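Descriptive structure summary
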Amino acid sequence: MHSLTLKNVIGRFRGETPVTPRLTKVLHLYQNLAVVDPATVKRNVRVFRLFIRSAGNVRCSDVTRLMATEFQAELKAAGKAKATVKSYCAAVSSVFGWAVENIDGVTSNPFEGVKAPKLNKSEPKYFTREEMDRLYRAVEAMDWHNPIQRLQWLALLRVGDTCGFRIGEILNLRWDDIDLDGRRIMVRYRPHMPGECWEWGTKGHRDRAMPINNDDLVALLYRMKEVCPWRYPFLKARRCLYLQAHSGELTDWVRKRPYTNLYVIWKRIRTLAQVKGNGAFHQVRRTAATEFGEHLTASQLQRAFGWQELSTAQHYLATRDSYQMEAVAKAQAARTSGPDR
């Protein structure tokens, strides 16, 4: 089936106009033929069923933008959060978008252009530079059963801090993605291929590269090249070899969480560093974004961090500006409150 063009999925005859399929047919075809991350397919199928329950099992040609808007209103009335409503509508839109590209008779996506609810974003929480320094010192000071783990965690933290990668992107890095001579690291979108690898596709579904203009990180990676020669250097050797050997048998849960006890170790590091708050590792990425924002435009920041929407990058610039204004106000107050004023 995959060797054929998916446009041939719905039978067509010479001179015959294809019949528009019903929503359950579209869902069945999407579930079995969509070549995207399995977890994404599973989520989109679940949400699309909710839309069918709302709109009825009508033909695609009978689905209107008004029905899409009504579905959105029903989700709001049910008490769904704005982010959930937006996510659900995006999931249904993804299925319709796939159908337009692959199924004869489906010519439009009724969710395209429907105004999504505007999210009230709070200022991103990130580590200060002083907190990052404490985290590095904590990794150095911890009593590791295997000294290689100290090296891996120092490099893992430094990659997140220097390049702003997500934790999943770092764990998925292979030596093939790290160019020490060219001093750059490439995040690649690799859909899961059973029997070949256990990776999941990176969020954003796009490749991007970041320079590693940091001598400490380069030195750490050269050292890791010697002591962690296996394909995925940020995983434990035994774990890496096990996952590669059983790639075709892994559940989605294991495939998406290749590092065992990751957050247990991360909590120990944060506790020793005396970092307050929930201290999610993602805050390292936010620290990088906030500091990069002092030197990049919104579009440059968006491309560097792989965000789908420019508004996310603009939010970091706004955060930077607010802190800058706050600092200037404090400096002005200090100047005007001196004894000679």
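Our subject in this report is the structure included herewith. Keep in mind that what you see is a predicted model, and the values were worked out from it rather than measured.

1. Details of the overall build of the protein chain
Along its length, the protein chain carries 14 helices and 3 strands. Sorting the 341 residues of the protein chain into buried and exposed places 44% on the buried side. Long-range pairs, those at least 24 residues apart, make up 67% of the contacts in the protein chain between residues at least 6 apart in sequence. Surface exposure of the protein chain reaches about 19,100 Å², of which carbon and sulfur atoms provide 51%.

2. Considering the side chain of N44
Assignment of secondary structure puts N44 in helix α2 (residues 38–55). Within the local environment of N44, its side chain forms a polar contact with the side chain of Y30, the two groups lying 2.9 Å apart. Ignoring anything within four residues of it in the chain, the contact list for N44 reads Y30, A91, S94 and V95.

3. Re the packing of helix α6 (residues 147–163) against helix α12 (residues 282–292)
When two helices pack together, their arrangement is captured by the angle between the axes and the distance separating the axes. Here α6 crosses α12 at 30°, and the two axes come no closer than 7 Å. Classified by the interaxial angle, the pair formed by α6 and α12 is roughly parallel. Crossing handedness for the pair α6 and α12: right-handed. Contacts between α6 and α12 pair L157, G160, D161 and T162 from the former with V284, R285, A288 and F292 from the latter.

4. A look at the packing of aromatic side chains
Evaluated as defined, the whole model comprises 15 aromatic pairs. Judged by centre distance (6.1 Å) and plane angle (5°), the rings of W153 and W266 are stacked. Residue W153 is located in helix α6, and its partner W266 is located in helix α11 (residues 262–273); the two are separated by 113 residues in the primary sequence. Of the two residues, W153 and W266, neither departs from the other in class, the shared state being buried. These aromatic residues form a ring-pair network of at least three members: F48, F51, F71, F96 and F111. Between R158 and the ring centre of Y136, over which it is positioned, the NZ or CZ distance is 4.1 Å.

5. Focus on the sheet that holds strand β3 (residues 208–211)
Ordered in space as β1-β2-β3, the 3 strands form an open sheet in which the pairing is antiparallel. Every other strand in the sheet has two partners, leaving β1 (178–179) and β3 as the edge strands with one partner each. Two elements, β1 and strand β2 (residues 184–187), share 2 bridges in a ladder whose sense is antiparallel. Across the sheet, the residue bridging to D179 is R184, located in β2.

6. Points about the environment of V41
With respect to the secondary-structure elements, V41 resides in helix α2. When the C-alpha positions of V41 and Q31 are compared, they lie 6.5 Å apart, and in sequence the two are 10 residues distant. Once you skip the residues sitting within four places of it in the chain, V41 turns out to touch Y30, Q31, A34 and V36.

7. A word on the pattern of salt bridges
Tallying each qualifying case throughout the model produces 10 salt bridges. For the salt bridge of R129 with D161, the shortest nitrogen-to-oxygen distance reads 2.8 Å. Taken as a pair, R129 in helix α5 (residues 129–141) and D161 in helix α6 lie far apart in primary sequence, 32 residues in all. Assessed through its relative accessible area of 9%, D161 is described here as buried. For E291, the salt bridge identified is with R129, shortest N-O distance 2.9 Å.

Conventions used here
Residues numbered from 1 in each chain as written. Predicted model: local features only at pLDDT ≥ 70, side-chain atom pairs only at ≥ 80, totals over all residues. Heavy atoms only, no water. Helix = DSSP H or I, 4+ residues; strand = E, 2+ residues; numbered from the N terminus. Buried < 20%, exposed > 50% of the residue type's maximum accessible area, 1.4 Å probe, protein only. Contact = heavy atoms within 4.5 Å. Areas by Shrake-Rupley, 256 points an atom, 1.4 Å probe, with all protein chains shown as cover. Polar contact = N/O pair within 3.5 Å; in protein donor to acceptor, adjacent residues only side chain to side chain. Axes fitted to C-alpha atoms, helices over the stretch in contact; angles between N-to-C directions. Parallel < 35°, antiparallel > 145°, perpendicular 65-115°, else oblique. Left-handed = near helix turned anticlockwise from the far one by under 90°. Phe/Tyr/Trp six-rings, centres within 6.5 Å; stacked < 30°, edge-to-face > 60°. Lys NZ or Arg CZ within 6 Å of the ring centre and 35° of its normal. Pairing = 2+ DSSP bridges. Salt bridge = Lys/Arg side-chain N within 4 Å of Asp/Glu carboxyl O.

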